[in-house]
Amino acid sequence: MPVFRRPSLRYGVLPGAACLLPSMALAVALEFPAPASTTATRREPLASYALPVGPWQDGQVPSRILEGPLEQTGWRLAAPGMTTLQILAPLRGQLDRAGFRTLWECETDACGGFDFRYSIDVLPEPDMHVDLGDFRFLSAERTGVDGPEAVSLLVSRSAEAGFVQVVSIGAAVPAAGPVPPAEQAGMAAPVPVPDQADAVLRPPGLVAALQANGSAVLEDLVFGSGSATLGPGPFATLAALADFLKQDPARRVVLVGHTDASGGLAGNTALSRARAASVRERLIAEYAVPATQIIAEGVGYLAPRASNQTEEGRARNRRVEVILTPAGTAAPIP
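Residues numbered from 1 in each chain as written. Predicted model: local features only at pLDDT ≥ 70, side-chain atom pairs only at ≥ 80, totals over all residues. Heavy atoms only, no water.

Looking at the overall build of the protein
And then number 1: Secondary structure summary: the protein contains seven helices and 12 strands in total.
And then number 2: Residue burial in the protein is summarised as follows: out of 334 residues, 49% are buried.
And then number 3: Pairs at least 24 residues apart make up 73% of the contacts formed inside the protein by residues separated by at least 6 positions.
And then number 4: Carbon together with sulfur atoms contributes 56% to the accessible area of the protein, which is approximately 14800 Å² in total. (Helix = DSSP H or I, 4+ residues; strand = E, 2+ residues; numbered from the N terminus. Buried < 20%, exposed > 50% of the residue type's maximum accessible area, 1.4 Å probe, protein only. Contact = heavy atoms within 4.5 Å. Areas by Shrake-Rupley, 256 points an atom, 1.4 Å probe, with all protein chains shown as cover.)

Digging into the sheet that holds strand β11 (residues 294-298)
And then number 1: The strand order across the open sheet formed by four strands is β9-β12-β10-β11, and the pairing between neighbours is mixed. One side of each edge strand has no neighbouring strand; the edge strands of this open sheet are β9 (215-217) and β11. Along the sheet, successive strands turn relative to each other by an average axial angle of 20°, direction set aside.
And then number 2: Here helix α6 (residues 265-287) sits on the sheet and contacts β10 (252-258), β11 and β12 (319-325); the angle it forms with β11, its principal contact strand, is near 160°. (Pairing = 2+ DSSP bridges. Axes fitted to C-alpha atoms, helices over the stretch in contact; angles between N-to-C directions.)

A closer look at the packing of helix α5 (residues 236-246) against α6
And then number 1: Remark: α5 packs on α6, axes separated minimally by 11 Å, with the N-to-C direction vectors making an angle of 70°. Between α5 and α6, the angle falls in the class roughly perpendicular. The hand of the α5/α6 crossing is right-handed. Where α5 abuts α6, its residues L238, A239, L241, A242 and K246 lie against V279, R282, L283 and Y287.
And then number 2: Per-class residue counts for the contact of α5 with α6 are seven nonpolar, no polar and two charged. (Parallel < 35°, antiparallel > 145°, perpendicular 65-115°, else oblique. Left-handed = near helix turned anticlockwise from the far one by under 90°. Nonpolar A, V, L, I, M, F, W, Y, C, P; charged D, E, K, R; others polar.)

Describing unusual backbone geometry
Glycine aside, residues mostly have negative phi angles, and peptide bonds mostly take the trans form.
And then number 1: E125 connects to P126 through a cis peptide bond whose omega is -5°.
And then number 2: With respect to the element layout, P126 can be found in the loop between α2 (113-117) and β5 (135-144).
And then number 3: With phi around 55°, D58 is a residue other than glycine that occupies positive phi space.
And then number 4: By the element assignment, D58 lies in the loop between β2 (36-52) and β3 (63-77).
And then number 5: Classification of D58 as exposed rests on a relative accessible area of 75%.
And then number 6: Of note, T108 is a non-glycine position whose phi angle comes to about 40°, a positive value.
And then number 7: Note on T108: relative accessible area 8%, which makes it buried.

Topic: the side chain of E141
And then number 1: Looking at where E141 falls in the secondary structure, it is placed in strand β5.
And then number 2: For E141, a relative accessible area of 12% translates into the label buried.
And then number 3: Among the polar contacts listed, one links the side chain of E141 to the side chain of R64, at a separation of 2.4 Å. (Polar contact = N/O pair within 3.5 Å; in protein donor to acceptor, adjacent residues only side chain to side chain.)

If you want it as structure tokens, here you go:
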């Protein structure tokens, strides 16, 4: 297996500063189980980080506040067919051997699902994609020469790629290095992917939410800023929705666009409807979903799911939701 290394990082004299910051060595080597590329990195020579140590409950995520040099990096893995556990397990093993003690580990619902995801610090889409129906989280800590060192891993995937966010704080920051052969031998083989539409890659939470609640948010969609043009994708939620609709021609859905509260209602309503229409067109053109099964509507900022007083809340409110309706409801729009 090839070795995918992250370049070394050291802090020196800041421009205009009179002091010399301590050198920060990348002492831990982490090798990903598939070719990986960096999507985004945030580094701070001295920062505070709320390290999650428990599931979301009572409106918050239990955390341990740590201070020190911080690095937050997103990685995209060429790993179609690999499960989130296949991605996380070798990384966890390497941390164990490096002396880190796992403080807490969870999977999707056990983490707190949607509420956990939006209560922790995560790089924005598309730098870090999180499928709300399939993600894992781990936090670990060890005592280093200069004090506590902590790492958190957030792992998820789309139809074609795996995604890992590594947040490290303390004297030593993880980097990419080799996986021991013994651990490679113990890894489960990736699931073969003969076709992008293979249902094994579909986010399990989407269809389950539609069947249980009658609605679900298409969380992985990406639009240009202020634009109704849907990004190139691929988007796992659209593939899952297309499969769901084509399995039963009697199924009908309404795609509802939502915006944040920035700007006037009329403009936001038009933008939200145009975004929903863009999603509808993609489902028809690329996934061959019959037009009669989908309606596109928009409500602007009239149905928020979070406060519009914060940037995080506004980001959560900008979304396209799919609603399952009775048979015969939907019809093509002009």
